[in-house]
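Below are the chains, spelled out letter by letter.
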Amino acid sequence: MYPVLLICPIKRYFMRTSNSVPADAVSVYNKALELSNKGELRAALDFYLQAIKIHPKFLEAFNNLGETYSKLGERNKAIKTYLEALSIQRDHRVLLNLGVEYYNSANFQQALSLFTESLNINQSFTEGHFYTALAYHRTKNIPSAELHLKKVIELDFRHLKANYLLSSILYDKKEYNKVIECLDKIKDIADDKAFVKKYYGFCMYHLGNYMEAAELLSEAMHLSPEYSKFKDYIKSMTYENKIKEIGDIKLKIKDLEKKMMKGDSSIGDYTHLSMLYIFNGENKKAEQLLTPLKEKFKKAS
């Protein structure tokens, strides 16, 4: 099964009104926004519908009505509403929201078509580039996904999710210095510090910085010793990808464990084995290996 890449609840746009909308429609619309912000979505629906009744070309009300239907799990009504909004104007934000509905239904080609149209209207639309990247990634067009993720970061260099996903692509390409560049941009705002330190550690290992790798992996385990699961956006490294990168994981573990029993292991072997344990889901073993590792090799360095 192809891994799920939806990395957060989709951000849709609650749009503000233009000056051409009648004041009474704006008043009703603002009440709907207030109710939406309070989480009173059913009540908000009624007010959006009232605003549309007053002003049938009320693009923003149609868009937010579609968003509300979507939040309530009424996807067909959301799609119908977004299509009505697009009959008024091919707005790039509405196109994104409609594309999201198709994306969440696994209709990635239809979603990609809408995301692309959104970008044709506004080439600097950050979220348009981001969701275009997601759609390309889901259809396994990794070069195009990478291109759009780089555009997102060009527009917003600290875009958390874009840097996460781009770092996973670069990691699979073994471009470890570039992975570190991505992580450097977000390390102070990341929502999972343990996860970031773990990938720093993996990159340092591959770059031959074994002591630094051991330090980072040890810190990661201390921050999150259970490692119940990785973040969805980099957890996309499937078992097949792991096999491709490092060979048969269980066989590698067995060989390194035998080597350590003979007492002729290097710090690189220890950090390599800890990584293999993490890849294989044996997080307790990784933690037990990393805890004494720094002290063991401090004297030797």
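Residues numbered from 1 in each chain as written. Predicted model: local features only at pLDDT ≥ 70, side-chain atom pairs only at ≥ 80, totals over all residues. Heavy atoms only, no water.

Along the backbone of the protein there are 17 helices and zero strands. By the burial criterion, 52% of the 301 residues in the protein qualify as buried. Relative to all contacts within the protein whose residues are 6 or more apart in sequence, the contacts with residues 24 or more apart total 58%. (Helix = DSSP H or I, 4+ residues; strand = E, 2+ residues; numbered from the N terminus. Buried < 20%, exposed > 50% of the residue type's maximum accessible area, 1.4 Å probe, protein only. Contact = heavy atoms within 4.5 Å.)

Relative to the 18 Å expected for 13 residues at 1.5 Å per residue, helix α9 (residues 160-172) spans 19 Å between its end C-alpha atoms, a close match to the ideal helical length. Counting buried positions over the 13 residues of α9 gives eleven, a clear majority of the element. Leu 160, Ala 162, Asn 163, Tyr 164, Leu 165, Leu 166, Ser 167, Ser 168, Ile 169, Leu 170 and Tyr 171 are the residues of α9 that are buried. Positive backbone phi, at 65°, marks Lys 174, one or two positions downstream of α9. (Expected span 1.5 Å × (residues − 1).)

The subject of this paragraph is helix α5 (residues 92-104). For α5, with 13 residues, the first-to-last C-alpha span of 18 Å sits near the 18 Å given by 1.5 Å per residue. Within α5, eleven of the 13 residues are buried, leaving the element largely enclosed by the surrounding structure. Every buried residue of α5 is accounted for by His 92, Val 94, Leu 95, Leu 96, Asn 97, Leu 98, Gly 99, Val 100, Glu 101, Tyr 102 and Tyr 103. Contacts made by the buried residues of α5 are with α3 (59-71), α4 (75-88), α6 (108-121) and α7 (126-138). With a side-chain oxygen positioned 2.8 Å from the backbone nitrogen of Arg 93, the residue opening α5 is Asp 91. Two residues or fewer after α5 comes Ala 106, characterised by a positive phi angle close to 70°. (Polar contact = N/O pair within 3.5 Å; in protein donor to acceptor, adjacent residues only side chain to side chain.)

Enumeration over the complete set of coordinates arrives at 15 salt bridges. Glu 84 serves as the salt-bridge partner of Lys 80, at 3.3 Å between the closest nitrogen and oxygen. Placement of both Lys 80 and Glu 84 in helix α4 is noted, with a separation of four residues, approximately one turn of the helix. A residue is classified by how much of its surface remains accessible, and Lys 80, at 54% relative accessible area, is exposed. For Glu 84, a relative accessible area of 32% puts it in the partly exposed group. (Salt bridge = Lys/Arg side-chain N within 4 Å of Asp/Glu carboxyl O.)

The next subject is the confidence of the model for the protein. For the protein, per-residue confidence averages 81 on the pLDDT scale, and 79% of positions sit at 70 or higher. In this model, residues 225-240 is a region of pLDDT below 50 whose contacts with residues beyond four sequence positions or in other chains number 43 contacts. (pLDDT = per-residue confidence, 0-100.)

It is worth spelling out the packing of α7 against helix α8 (residues 142-155) at this point. Closest axis-to-axis distance for the α7/α8 pair is 8 Å, and the angle between their directions is 160°. Between α7 and α8, the crossing angle belongs to the class labelled roughly antiparallel. Crossing geometry of α7 relative to α8 is assigned as left-handed. On α8, the residues touching Thr 126, His 129, Phe 130, Thr 132, Ala 133, Tyr 136 and His 137 of α7 are Ile 142, Ser 144, Ala 145, His 148, Leu 149, Lys 151, Val 152 and Leu 155. Its residues assigned to classes, the contact of α7 with α8 comprises eight nonpolar, six polar and one charged. (Axes fitted to C-alpha atoms, helices over the stretch in contact; angles between N-to-C directions. Parallel < 35°, antiparallel > 145°, perpendicular 65-115°, else oblique. Left-handed = near helix turned anticlockwise from the far one by under 90°. Nonpolar A, V, L, I, M, F, W, Y, C, P; charged D, E, K, R; others polar.)

Okay, unusual backbone geometry next. In this model, Ala 106 sits at a positive phi of 70°, which is unusual for a non-glycine residue. Along the chain, the position of Ala 106 falls in the loop between α5 and α6. A positive phi angle, close to 65°, is found at Lys 174, a residue other than glycine. Looking at where Lys 174 falls in the secondary structure, it is placed in the loop between α9 and α10 (176-186). For Lys 174, a relative accessible area of 45% translates into the label partly exposed.

It is worth spelling out the packing of aromatic side chains at this point. Following the criterion strictly, the structure yields nine aromatic pairs and no others. With a centroid separation of 5.1 Å and 70° between ring planes, the pair formed by Phe 130 and Tyr 131 is classed as edge-to-face. Through pairs of rings, three or more aromatic residues link up here, namely Tyr 171, Tyr 176, Tyr 199 and Phe 202. (Phe/Tyr/Trp six-rings, centres within 6.5 Å; stacked < 30°, edge-to-face > 60°.)

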